Structures are given as C-alpha cells and as structure tokens.
Amino acid sequence: MTRSVVPSIVPSGDDQTVYLVINNFGNLGTAFPETDVGEADLETIIGDLMSGQYSDPVRVVAFNSAEQWSADVSQDVAHEIRRRADLAGDDLAPSIAEFVETHAGPPRQLSLRLI
C-alpha cells in the first residue's frame, strides 16, 4: 500500500503565529491563497493587504500550533490598517476598503465646529 505524504502548513520547530488571509475568488469561491510560511507574519500580511496583494479579502485567521490556538483576527487587522492609512493620510486601496469597513466599521467623520 502506497501512502501519499501531504506537506503540513504547520510551521516546524519554532513557536510561531501564522496569519492567513481568506480571499474571495468570485465564482471559484473563497480560499486561502498560497502563502509562504516565512511570509505569514502579521506585518507582512498587513503590508500585503495595504498594497493590494489580495483582490477581495474576506477574513484573516491566525493560529499558533505550539500554543494550540486559532482565532479570527479580522477586526484587529482592519483597525490596524485603518490606523496606518489615517496616520499616513492615505486612502484605502479599493481592494481592502470593503474588508476594513466590514470588520472595523465605517470611517469616523471629523466634524468641525465653528465658534
């Protein structure tokens, strides 16, 4: 009997938190795009989202197999993206605007009061 070996997506050795983006591929459905484990850290994922590397992100999931946990971190990531864009005075990339609004809510409008 031949046993096929399927490579694991779980990082080996290090206690590492891995972040994966679930992307909507339209008629093809939603999936985790292929991601190199070395590039699955939070900073890289946020940078990739902000630069438009994902066409229609739906959710961000984090897991740490050494600590035996997983979590939907979409809200935290969306708030961080909005914070960075606001600090830089940048508009959100069209590819992530809906993701940020869905998970962080609509942008706050500044109101000016004239005295």
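Residues numbered from 1 in each chain as written. Predicted model: local features only at pLDDT ≥ 70, side-chain atom pairs only at ≥ 80, totals over all residues. Heavy atoms only, no water.

Trainee: I tried to follow the pairing of strand β3 (residues 57–64) on my own but got confused; where do I start?
Mentor: Consecutive side chains of a regular strand alternate in pointing toward one face of the sheet and then the other. In terms of strand pairing, strand β1 (residues 18–24) meets β3 through six bridges, oriented antiparallel. What sits directly across from Asn23, in β3, is Pro57. Looking at chain direction, β3 and strand β4 (residues 69–72) are connected through four bridges and run antiparallel. Its bridge partner being in β4, Val61 is matched across the sheet by Asp72. Remark: four residues form the turn of the hairpin made by β3 and β4, two consecutive strands paired antiparallel; Gln68 in that turn has positive phi of roughly 60°. (Pairing = 2+ DSSP bridges. Helix = DSSP H or I, 4+ residues; strand = E, 2+ residues; numbered from the N terminus.)

Trainee: Please clarify how the packing of helix α1 (residues 42–50) against helix α2 (residues 74–88) should be interpreted in this entry.
Mentor: The axes of two packed helices give the description: the angle between them and the distance between them. Packing of α1 against α2 brings their axes to within 11 Å, and their N-to-C directions diverge by 65°. Crossing hand, α1 versus α2: right-handed. Along its contact with α1, which presents Leu42, Glu43, Ile46, Leu49 and Met50, the element α2 presents Val77, Glu80, Ile81, Arg84 and Ala85. Looking at the contact of α1 with α2 residue by residue, the classes come out as seven nonpolar, no polar and three charged. (Axes fitted to C-alpha atoms, helices over the stretch in contact; angles between N-to-C directions. Left-handed = near helix turned anticlockwise from the far one by under 90°. Contact = heavy atoms within 4.5 Å. Nonpolar A, V, L, I, M, F, W, Y, C, P; charged D, E, K, R; others polar.)

Trainee: I'm lost on the pattern of salt bridges in this one. Help?
Mentor: Any two side chains of opposite charge can pair if their charged atoms end up close together. Applying the stated criterion to the full structure yields four salt bridges. Measuring nitrogen to oxygen at the nearest pair gives 2.7 Å for the salt bridge that ties Glu43 to Arg84. Note that Glu43 is positioned in helix α1 and Arg84 in helix α2, a separation of 41 residues in sequence. Residue Arg83 pairs with Glu80 through a salt bridge whose shortest N-O separation is 2.7 Å. Linking Arg83 with Glu80, this pair stays in helix α2, spanning three residues, or about one helical turn. The class for Arg83 is partly exposed, based on a relative accessible area of 42%. Put simply, Glu43, Glu80, Arg83 and Arg84 are held in one network by salt bridges that share partners. (Salt bridge = Lys/Arg side-chain N within 4 Å of Asp/Glu carboxyl O. Buried < 20%, exposed > 50% of the residue type's maximum accessible area, 1.4 Å probe, protein only.)

Trainee: Explain α2 here, please?
Mentor: Residues lying three or four places apart along an α-helix face the same way, a consequence of the helix completing one turn every 3.6 residues. Across its 15 residues, α2 extends 21 Å between first and last C-alpha, which sits within 8% of the 21 Å expected from 1.5 Å per residue. Buried within α2 we find Ser74, Val77, Ala78, Glu80, Ile81, Arg82 and Ala85. Taken together, the buried residues of α2 touch α1, β3, β4 and α3 (94–104). Of the residues trailing α2, Gly89 is marked for its positive phi of about 70°. (Expected span 1.5 Å × (residues − 1).)

Trainee: Just to check I follow, could you spell out the sheet that holds strand β2 (residues 30–31) for this structure?
Mentor: In sheet architecture, strand pairing relies on hydrogen bonds along the backbone and comes in two forms, parallel and antiparallel. The strand order β2-β1-β3-β4 describes an open sheet built from four strands, whose pairing is antiparallel. Two strands in the sheet have a free side with no partner beyond their single neighbour: β2 and β4.

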